[in-house]
Amino acid sequence: MDPTNANTALASAFVEELARGGLRHAVVSPGSRSTPLAVALWRQPEIEVTVIVDERSAAFFALGAAQASGAPVALLCTSGSAVANYHPAVCEADESAVPLLVLSADRPPELRGIGAGQTIDQIKLFGSSVRWFCEVGTHEADDGGLLHYRSVACRALAAARGETRPGPVHLNLPWREPLAPVPVAGAVSATDPLALAGREGRPLTAVTRVDLEPSSFLLDEMAAHIGDAIAGVIVAGRQLDPELREPLAHLARVSGFPILADPTSQLRCGPHDRSHVVAAYDLLLRDERFARSVVPDLVLRFGEMPTSKPLRAWLAASDASEIVIDPRGGWNEPSNGASAILRADPTELAAGWAARLEKEPRGTPEDWLGAERVAQAVIETELGNAAPISEPALHRALGAAHRDGDLVYTASSMPIRDQEAFLASDPADVLFLSNRGTNGIDGLVSSGIGAAHATGRPTTIVTGDLGLLHDLGGLAALRDVSTPVRIVVIDNDGGGIFHFLPQEGALDSEEFEALLGTPRGVDAAKAAALFDLPHRRLESLADLPEALAVGTSLIEVRTDRSTNVASHRHLQERVQAALAQLR
Ligand SMILES: Cc1ncc(C[n+]2csc(CCOP(=O)(O)OP(=O)(O)O)c2C)c(N)n1
Ligand SMILES: [Mg+2]
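Residues numbered from 1 in each chain as written. Chains lettered and ligands numbered in written order. Predicted model: local features only at pLDDT ≥ 70, side-chain atom pairs only at ≥ 80, totals over all residues. Heavy atoms only, no water.

Burial runs high along strand β6 (residues 168–174): 7 of the 7 residues are buried. Taken together, the 4 bridges between strand β5 (residues 132–135) and β6 define a ladder with parallel strand orientation. Residue pairing across strands places E135 opposite N172, the latter belonging to β6. One crossover worth recording links β5 to the parallel β6 by way of helix α6 (residues 143–161), and it is right-handed. (Buried < 20%, exposed > 50% of the residue type's maximum accessible area, 1.4 Å probe, protein only. Helix = DSSP H or I, 4+ residues; strand = E, 2+ residues; numbered from the N terminus. Pairing = 2+ DSSP bridges. Right-handed = clockwise from strand over helix to strand, strands pointing away.)

To continue, consider the coordination of the magnesium ion (ligand 2). Distances from the magnesium ion (ligand 2) to its protein donors, D465 (OD), N492 (OD1) and G494 (O), fall at 2.0 to 2.1 Å. When its relative accessible area of 9% is taken as the criterion, N492 is described as buried. (Donors = N, O, S within 2.8 Å, 3.2 Å for Na, K, Ca; no water.)

Let's shift gears to the packing of aromatic side chains. How two aromatic rings sit relative to each other is set out by the distance from centre to centre and by the angle between their planes. On inspection of all chains with the given rule, the structure shows 4 aromatic pairs. Residues Y149 and W175 carry aromatic rings whose centres are separated by 5.9 Å and whose planes lie at 45° to one another, so their mutual orientation is tilted. Note that Y149 is positioned in helix α6 and W175 in the loop between β6 and α7 (193–197), a separation of 26 residues in sequence. For the pair Y149 and W175, one class covers both residues: buried. Seen in terms of ring centroids, F290 and W368 are 5.1 Å apart; in terms of plane orientation they differ by 85°. Their pairing is edge-to-face. Residue F290 is located in helix α11 (residues 288–293), and its partner W368 is located in helix α14 (residues 366–383); the two are separated by 78 residues in the primary sequence. Across the pair, W368 and F290 agree in class, each one buried. Of the aromatic side chains, those joined through ring pairs into one cluster are F14, Y149 and W175. (Phe/Tyr/Trp six-rings, centres within 6.5 Å; stacked < 30°, edge-to-face > 60°.)

To continue, consider the sheet that holds strand β1 (residues 25–28). If you trace the 6 strands from one edge of the open sheet to the other, you get β2-β1-β3-β4-β6-β5, paired in parallel fashion. Of all the strands in the sheet, just β2 (48–51) and β5 have a single pairing partner and so form its edges. The sheet shows a mean angle of 15° between the axes of neighbouring strands, taken without regard to direction. Pairing geometry for β1 and strand β3 (residues 73–77), over 3 bridges, is parallel. Following the sheet pairing, A26 is matched in β3 by A74. (Axes fitted to C-alpha atoms, helices over the stretch in contact; angles between N-to-C directions.)

What follows deals with the environment of I123. For I123, the position within the fold is in the loop between β4 (100–106) and β5. For I123, a relative accessible area of 35% gives the class partly exposed. Spatially, the C-alpha atom of I123 lies 7.2 Å from that of N172, the residues being 49 residues apart in sequence. Ignoring any residue separated from it by four or fewer positions in sequence, one finds I123 in contact with R112, F133, E135 and N172. (Contact = heavy atoms within 4.5 Å.)

Laid out in structure tokens, this is it:
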């Protein structure tokens, strides 16, 4: 505890508790009112501080760091509009269940609403997006004040980590002068050792996590249900735990279920047994005859619902009993048709069910796996080695170029969809991340850099050109990050996704371009130059591994919005023709 004055005492006691509670990263934006906490964070040896000027980028950086590390990351800014810039990332953290600790400095109550400057109403600014809001208040550095700050820190970390759903927490912290660490004699009046120093080496109040071990009743009953299913499938959507791979692969083997695996489930790629993984489900389910031939009677869903439209439609149209495994307290059920949501540890469930079923293992799901082989052969012929540059082919080439330990952060809009549709199953041990809670195209560059920084994993950010434009300022954070960050920008000069929508046909082309296509002519080379980044425009997909090997750089891949829809349709037709031959 720093007894220089009351503010340093309260702020340092608070930060001491954060450190003892396991907080290791904070992202701070410059400002005066936040000085007591900024200095306390900066001087706390266990906490690494990154300073980012733009609060919107700072929040997305923290979001990426927290998502990739699975641990809470703190954000600190000054009073006023600064804190409102956190809002998009707070929404994403809410929807994606990412632990963020938002610390907003504020003016004390007597300086609010009187034109004192840089003051807005910060009370409950993020509405219902946060797990907990606390107006921490103004306090003396006495026993009661110091214990309050210590206790709030413990409670905030527990709430961010999840009781049971992780997410953002907002603490509003008003400070009176002096904001600088100038000595004030007699400012610390506390005498209680607990208020002054907390507990040596551990938090004031430790919070025990809820036990999510499934009961044997649940395991027995569901295993019987799985054993009775005739056409069961496992759907694996976004989740980050690589420990789920082996038990889920085992469950697939003994149950005879295929795993329809989105890359962000971490199940599509990795060193585990991928024999039951179906990667081409998006293309396969676009074929109505195929979709009808594999109508499921039981669906086990792990992780979030994947993005794929045909997959969602196929699930919604089936009468299958749909079991959602969601240990984190969400309502991850957009089809409104699930028969049960299981709040239990997914790894334990998969392992427990597999152990009960392995005495009588079932055959492999040849309908799915045969179709997967056919589709992959077509995609490989169309998009494999030496294919000309196109958006689908780029994802194929990226998939082949990822290396063990890489982290891939993929933008909303077409990049995440094309990755889901075209990325092949591959043994590389890669962590696939995205911001799919709110599907924003904002902040992706910052999130990717934050994830790289928090994990030290060589990172590839895959973004569209408008996504890059939206968070161009995020590139500024690269100067403090030593981990390689390759930013692959798919430059189709505008919003390529909108060409897949009915608006394309309903608007005349001038209106469509003005309102949705929105070409902005962003020159990636100039953007790179602004931040001293190496830039390379890819002329051939064969050059991709060499370009990625450069390390931190901006890799520009030019594509054409106007031919992109046709190339997607062409692939779909080729797959459908090959499936017809199979019948
Ligand atoms: C913050 C935010 N603003 C607007 C949108 C609506 N939106 C969805 S996709 C898109 C265009 C994205 O263009 P780009 O990043 O170039 O990707 P492309 O569609 O070309 O693949 C927009 C504006 C959004 N999802 N998020
Ligand atoms: Mg674009």
